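Reading the structure
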Protein chains: 2
Amino acid sequence: METIKTGLLGFGTVGQSTFAVLQRNQGEISRRAGRGIEIKRIAVRDNNKARAVLGETDAVLLDTDAEALVCDPTLDIVIETIGGTTIARELVLRALANRKHVVTANKALLAVHGAEIFAMAHKHGVMVAFEAAVAGGIPIIKILREGLSANRIQWIVGIINGTTNFILSEMREHGIDFETALERAQRLGYAEADPTMDIQGIDAAHKIALMSALAFGAPVQFDSAYIEGIKGLAPLDIQYAEELGYRIKLLGITRRVADRIELRVHPTLIPTQHLLANVEGAMNAVVVQGDTVGSTLYYGKGAGGEPTASAVVADLIDVTRLHTADQSQRVPPLAFQPDQLSNLAILPISEVRCCYYLRLRVMDVKGVLANITKILADNDVSIDALLQKKSRLPDPVGANETDDLIVITHLAVEKQINAALEQMSALMTVMPQITKLRIETLNEGC
Amino acid sequence: METIKTGLLGFGTVGQSTFAVLQRNQGEISRRAGRGIEIKRIAVRDNNKARAVLGETDAVLLDTDAEALVCDPTLDIVIETIGGTTIARELVLRALANRKHVVTANKALLAVHGAEIFAMAHKHGVMVAFEAAVAGGIPIIKILREGLSANRIQWIVGIINGTTNFILSEMREHGIDFETALERAQRLGYAEADPTMDIQGIDAAHKIALMSALAFGAPVQFDSAYIEGIKGLAPLDIQYAEELGYRIKLLGITRRVADRIELRVHPTLIPTQHLLANVEGAMNAVVVQGDTVGSTLYYGKGAGGEPTASAVVADLIDVTRLHTADQSQRVPPLAFQPDQLSNLAILPISEVRCCYYLRLRVMDVKGVLANITKILADNDVSIDALLQKKSRLPDPVGANETDDLIVITHLAVEKQINAALEQMSALMTVMPQITKLRIETLNEGC
C-alpha cells in the first residue's frame, strides 16, 4: 500500500522527536499500520536552524511556508507542533477545511478553541487526534475514549504537570521553599524561563478540561475551571501534611456530582500510602474511577520530546488506519458522538464538597480552641483531626507565645468553610493568614 | 442506526456482569458507540439457574443450545465467557467460521490455541477481541496494541495474578507462611478451591505470553514459557528481601534480547521504592518499557465480574464501530499485521541474564565465605551485596552454629549461577537447600 504522507508544522523538540521516531521505528510502525508513514514536508520559522538539524535530504521539503503546507494536496495528515493559540489555530482550521486530518500536541489550543476545531473537523469529515496533549506518552486519551468506554466515569484525578510535581518533590525532600525549588527546576530543565503556565496551574487546567470533556461527554469547559497554583505553598504545610499522613500534590480534578461537573486545579493533600502520592519528580499519573472498572491508575513521563512523540506517532497510526473509513467507524474526538454531548455545567468552587486542611496561628491563651471549634460547628463543619503545636514560625514582634493549630475537616461545602474562616479571622486570638488546602482521599468519601 | 446484536456463551460471574453493565450503562454506551448494543441470546449449561438470575424477559432467548447460538444468523457478535480450552475452542471456531466476531475473556484459550483462532478469524474476515483476557479492567491490550504503537517495546513486567499477589501481601504483612496465607485467600474469595492455575504461575504465564506476542509482533508462545510458582517461597526470604530493600512479587516478564525473547513467570525481587512493589492485595499492575515513551505503568483490578465486564464491553464497542470496516481499517489482533509476524524464538531460562538473590545456610566455621566467593568468581558471577546473619531457622540435630548467608549478584547468566550453586552444594560447610530467586531492578541494568 502507498505510504501515508504527512506535513509537520514546527520543528522544535516535539517536531524533531516525531521525525526521529518515524525514521527510527519505521519497520515496526509499518508492520503495525500496514503501510509506511512519512513526513514529506516541514514548515518552520527559521529555515537555517531547521536545516542544520534535518541535514541535506531530497525526501523532505523544508521551508517557511506554513500556509502552503496546510493546503498541499499531496498530504493526508498535518502534524501541528508549533504551540500557542493564535497561528496554530488558524493553521489547524485551514488544514481541516482542506480536508486534512490533524494530529496535535497542543492542549492550550484545544482547551480554548476545542469547540470550533472539532466542529470544523466534523464538517469536513476529518479527524483531530490529540493524544499528546495530555500526560505526554501515557495513552490516557485513548484509555478514556476507548479503553474505559463501558464505564460511567465518576471522577479523574491527575498529576498532569511535571514541573510543579518536580518542585513539590524537591520542597518536601529537601525542606526548601518554593523559590529555591523553582530555581533548581529551571537549572535542571524541568521548568521554563517563564514558568507561569505551569506554576499557576493553567497547563494542568488545560489538560483536566480535556479529560473532563472526554469522560463526561460534555464540551470542553476550560473557561469555567477553578485554578490555583503552587506559588503560595509553604514548606511548613508540606511538613504538617506529612505528619498527618498526607502528601501535597498539584492535582487536576474533575468529578460528576448530580447534574454538574467539578473541574478544578489546586494543591491537594492525598494519603501518603496511595500510589499517586508516590509519583515523584517530573512524572505524571492519572487515576480514573469508573462505575464498572473501579479505580485504575496510569503512570509515565508527561513531557519531553520522545514521550510526546510516542503519542503523536500513535495518533498517526490510528489516523492512518481509519482515514478512509466512514464516520461511524471512527472514534469521536470527544469520546461521545458529536450530537450526543450533554450540557453538564461546571459546579462553582464555592459549591464543591471537600475535606479541608486548615492551619491557623493562634495565641496560646485560654478559650481559643473553644472559639474555633464553635465557629466550625456553627457553620456545619465537623472536625476529623486536630493538631496543636508550638508554632515553628518566628514570633512576630510583641506577640505572645503562639501555636500552630491544624484542623482536618470532614466533608464540607467550600462556602461553609469560607464563612467559618472569615469568622475565625475576626477573632483577636487568631493571627493572619489562615491557610486552607483541600484534601482528596481518592475513595468514595472526600 | 440498528442495534448490534450479540449472543452470550455462559452466564457465570463475567457473563452476568457483562449483561448488567450493558443494561446499566446503555445510555452512555450508545452515546459513545453511535448505536445500542444488546444481548439477544444466552446459552448456558443450567437453564433454571440462569433463568433465576435473568428473570422473565422476552428480550433475551435463553437456552442450553450453544451450537445454535454460534450459528444464529441474527447475531453479529458472540461473547465467550465459559472458559476452558475444549468446548470454548470449538464454539469460538464455529462462531468465527459463521462470520461472527468474537469477544472473549479466555486467556488460556488464546494462549494455547491463539494461532488457530486468529487464523480462522482472518480467513473469515472477522475480529477476535480479548481485552478482558489480561489484567481485567486495565485496558493493557489496547495500550500495547494502539497506545504505544510508536514504540519498539523493550520489556514488559507485570503483576498479573491477583490471587498470588494477595497471598504474597499477606505473607509479608503478617509474617505468615504460604499455606496459611492461601487458606485466608480462599476464605476471602481471592483464591479458588483448586488454586493450582494461580499459585503455579500458569494463569500469569497465559497472560504474559499474550502480551509478549502483542509487544514483539511474534506468535503466542506459551508453550515455551518458563514457569515457577510461589508455593516454595519461604517467609524468611520475604524478610531478608525487605532488609535488603526488595519486595517479592510473582511477575510475568517478557523482554527482547538480541534476536530472542525472554518469557518467564517466577517470584521476583524488585526494589521496594518502585511503584510496582507497592501494588498490594489482589490488584494488578503492568510496567511497559518502550524506546520512545520510556517506562509506563498501568494499575487496576485484575479480576472480578465488573472489572472484566468493563473490558468485554469496551471490546464490544470497538467491534461495533469497526464491524463493517475493511481489514486495513481494523487493528490486527496481535498488534502487527498477520503477514508481518516475526519468528523470534524464546530464550531458554538457562541463557537468561539476571541478577540473583541466593540464600545459603552455612556452618559458622573459618573459610566458608572464602570458598563460596571463590566459586562465584570462578563462574564469572560478581557480588553486589552480601549479608551474613545468625540463622533464624532452628538448628538441625547435631549441627554446629549456622549462619544464613545472603548473596545479591550482579548480572549473570542463569547457567553460570546454576553451576556455582552445584559446586556450593558439594561443600561440607553448606547445608541443603540453597534458595535462588531472581531480581529485576526495572531499569536498564538487571
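No experiment lies behind these values; they were computed from the predicted model shown. (Residues numbered from 1 in each chain as written. Chains lettered and ligands numbered in written order. Predicted model: local features only at pLDDT ≥ 70, side-chain atom pairs only at ≥ 80, totals over all residues. Heavy atoms only, no water.)

Below, the discussion takes up the domain arrangement of chain A. Residues and elements named next belong to chain A. Examined at the domain level, chain A breaks down into domain 1 (4–137 + 306–340), domain 2 (140–301) and domain 3 (353–439). Computed over C-alpha atoms, the centres of domain 2 and domain 3 are 26 Å apart. Listed by partner, the interface residues are 19 residues for domain 2 and 16 residues for domain 3. For the pairing of domain 2 and domain 3, the buried interface totals around 1500 Å² over both sides, and the portion due to carbon and sulfur atoms is 59%. Our enumeration of links across domain 2 and domain 3 arrives at 3 salt bridges. The salt bridge partner of Lys389 is Glu243, with a shortest N-O separation of 3.0 Å. Applying the counting criterion to the domain 2 and domain 3 interface returns 7 residue pairs in polar contact (both at pLDDT 80 or more). (Domains from an automatic or database assignment. Contact = heavy atoms within 4.5 Å. Buried area = accessible area lost by both parts, 1.4 Å probe. Salt bridge = Lys/Arg side-chain N within 4 Å of Asp/Glu carboxyl O. Polar contact = N/O pair within 3.5 Å; in protein donor to acceptor, adjacent residues only side chain to side chain.)

Bringing the pattern of salt bridges into the picture now. In total, this model carries 69 salt bridges over all chains according to the counting rule given. Notably, a salt bridge pairs B:Glu146 with A:Lys142, separated by 2.7 Å at the nearest N-O pair. Here B:Glu146, found in helix α7 (residues 140–147), pairs with A:Lys142, found in helix α7 (residues 140–147), and the two come from separate chains. Each of A:Lys142, A:Glu146, A:Asp318, B:Lys142, B:Glu146 and B:Asp318 takes part in a single network of salt bridges with overlapping partners. (Helix = DSSP H or I, 4+ residues; strand = E, 2+ residues; numbered from the N terminus.)

Residue and element names in this part refer to chain A. Feature annotation in UniProt places "binding site: NADPH" (unreviewed entry) on Lys107, given in this structure's numbering. Within the secondary structure layout, Lys107 lies in helix α6 (residues 107–124). Residues contacting Lys107, with those up to four places away along its chain left out, are Ala133, Asp203, His206, Lys207 and Leu210. (UniProt positions renumbered as here; feature names shortened; annotations may be inferred.)

Here we take up the interface of chain B and chain A. Taken together, the 64 residues of chain B in the interface contact 64 residues of chain A. Carbon and sulfur atoms supply 50% of the area that chain B and chain A bury against each other, a total of about 5100 Å² over both sides. Taken together, the links from chain B to chain A amount to 8 salt bridges. At the junction of chain B with chain A, the criterion picks out 32 residue pairs in polar contact (both at pLDDT 80 or more).

Residues and elements named next belong to chain B. Along the chain, Glu262 falls in strand β10 (residues 260–271). In this structure, the C-alpha to C-alpha distance between Glu262 and Ala420, residues 158 residues apart in sequence, is 22 Å. Residues within four places of Glu262 in sequence aside, it is in contact with Ile253, Thr254, Arg255, Val257, Leu347, Val352 and Arg353. Polar contacts involving the side chain of Glu262 include one to the side chain of Arg264, which spans 2.7 Å.

What follows covers the nonpolar core. Residues A:Ile140 and B:Ile140 are the most contacted members of the largest nonpolar core, which totals 180 residues. Those residues in contact with B:Ile140 that sit more than four places away from it in its chain are B:Glu131, B:Val134, B:Ala135, B:Met211, B:Val286, B:Val288 and B:Tyr298. Ranked by size, the runner-up nonpolar core spans 67 residues in total, among them A:Ile317, B:Val60, B:Ala129 and B:Ala325. (Core = buried A, V, L, I, M, F, W, Y, C linked by side-chain atoms within 4.5 Å. Buried < 20%, exposed > 50% of the residue type's maximum accessible area, 1.4 Å probe, protein only.)

Residue and element names in this part refer to chain B. As for its position among the elements, Thr272 is in the loop between β10 and β11 (283–290). Side-chain polar atoms of Thr272 contact the backbone nitrogen of Tyr246, separated by 3.2 Å. Residue contacts for Thr272: discarding those within four places in its chain leaves Glu242, Gly245, Tyr246, Arg247, Ala277 and Asn278.

This paragraph deals with the packing of aromatic side chains. Enumeration over the complete set of coordinates arrives at 7 aromatic pairs over all chains. Taken together, a centroid distance of 6.0 Å and an interplanar angle of 85° make the contact between A:Phe11 and A:Phe19 edge-to-face. Like A:Phe11, the residue A:Phe19 is buried in the burial classification. Geometrically, the ring pair formed by B:Phe166 and B:Tyr190 is tilted, given 4.4 Å between the ring centres and 35° between the ring planes. A residue pair is termed long-range when its members are at least 10 positions apart, and B:Phe166 in helix α8 (residues 162–174) and B:Tyr190 in the loop between α9 (178–187) and α10 (196–199) qualify at 24 residues. Between A:Arg145 and the ring centre of A:Phe130, over which it is positioned, the NZ or CZ distance is 5.3 Å. (Phe/Tyr/Trp six-rings, centres within 6.5 Å; stacked < 30°, edge-to-face > 60°. Lys NZ or Arg CZ within 6 Å of the ring centre and 35° of its normal.)

Below, the discussion takes up the sheet that holds strand β3 (residues 61–63) of chain A. All names here are of chain A. Judged by pairing direction, the sheet is parallel, and its 6 strands sit side by side in the order β3-β2-β1-β4-β5-β6 without closing on themselves. The open sheet terminates on both sides in strands that have one partner only, identified here as β3 and β6 (128–129). Both strand β4 (residues 77–80) and strand β5 (residues 101–104) contribute to a ladder of 4 bridges, which runs parallel. Paired with Ile77 across the two strands is His101, which belongs to β5. Against the sheet, helix α1 (residues 13–24) makes contact with β1 (4–9), β2 (37–43) and β4, and its axis sits at roughly 150° relative to β2, the strand it touches most. (Pairing = 2+ DSSP bridges. Axes fitted to C-alpha atoms, helices over the stretch in contact; angles between N-to-C directions.)

A separate point is a nonpolar patch on the surface. Residue and element names in this part refer to chain B. A surface patch of nonpolar side chains, amounting to about 200 Å² of accessible area, comprises Leu369, Ile383 and Leu386. Looking at the secondary structure, you find Leu369 in helix α14 (residues 368–378). Look at Leu369 and you get partly exposed, because its relative accessible area is 32%. (Patch = residues over 30% accessible without salt bridge, like charges linked within 9 Å, V, L, I, M, F, W, Y side chains within 5 Å. Areas by Shrake-Rupley, 256 points an atom, 1.4 Å probe, with all protein chains shown as cover.)

Quick look at the packing of α14(B) against helix α15 (residues 414–425) of chain B now. All names here are of chain B. Relative to each other, α14 and α15 sit at 150°, their axes nearing to 9 Å. Between α14 and α15, the angle is such that the two are roughly antiparallel. For the pair α14 and α15, the sense of crossing is right-handed. Counted together, Ile372, Ile375 and Leu376 of α14 and Ala420, Gln423 and Met424 of α15 form the full contact between these two elements. Its residues assigned to classes, the contact of α14 with α15 comprises 5 nonpolar, 1 polar and no charged. (Parallel < 35°, antiparallel > 145°, perpendicular 65-115°, else oblique. Left-handed = near helix turned anticlockwise from the far one by under 90°. Nonpolar A, V, L, I, M, F, W, Y, C, P; charged D, E, K, R; others polar.)

This part takes up the sheet that holds strand β1 (residues 4–9) of chain B. All names here are of chain B. Spatial ordering of the open sheet is given by β3-β2-β1-β4-β5-β6, a layout of 6 strands whose pairing is parallel. Since the sheet does not close on itself, it has two edges, and those belong to β3 (61–63) and β6 (128–129), each with one partner. In this structure, strand β5 (residues 101–104) lies alongside β6, joined through 2 bridges in parallel fashion. Counted as the bridge partner of Val102 is Val128 from β6. Where helix α1 (residues 13–24) meets the sheet, it contacts β1, β2 (37–43) and β4 (77–80), and its direction lies at approximately 150° from that of β2.

With that settled, the discussion passes to the relation of the copies chain B and chain A. After a rotation of 180° and a shift along the axis of 0.0 Å, chain B superposes on chain A with an RMSD of 0.0 Å. Here the two chains are linked by the operation of a two-fold rotation axis. When C-alpha positions in chain B are compared against the rotation axis, the closest is assigned to B:Tyr298, at 2.4 Å. Both copies present the same face, since 100% of the interface residues in chain B are matched by interface residues at the equivalent positions in chain A. (Least-squares fit on C-alpha atoms with pLDDT ≥ 70 in both.)

A separate point is the side chain of B:Glu131. Residue and element names in this part refer to chain B. Looking at where Glu131 falls in the secondary structure, it is placed in the loop between β6 and α7. For the buried residue Glu131, which engages in no salt bridge, the nearest side chain bearing the opposite charge is Arg145, 5.5 Å off. With sequence-adjacent residues up to four places away left out, Glu131 is seen in contact with Gly136, Ile138, Pro139, Ile140, Ile141, Lys142, Ala311 and Asp315. (Lys, Arg positive; Asp, Glu negative; His and termini not counted.)

On to unusual backbone geometry, then. With omega at -10°, the peptide bond leading from A:Pro432 into A:Gln433 counts as cis. Mapped onto the elements, A:Gln433 comes out in strand β18 (residues 430–439). Look at A:Asp380: it is not a glycine, yet its phi comes out positive at around 65°. Given a relative accessible area of 60%, A:Asp380 falls into the exposed group. Although it is not a glycine, B:Ala135 adopts a positive phi angle of roughly 60°. Its location among the elements puts B:Ala135 in the loop between β6 and α7.

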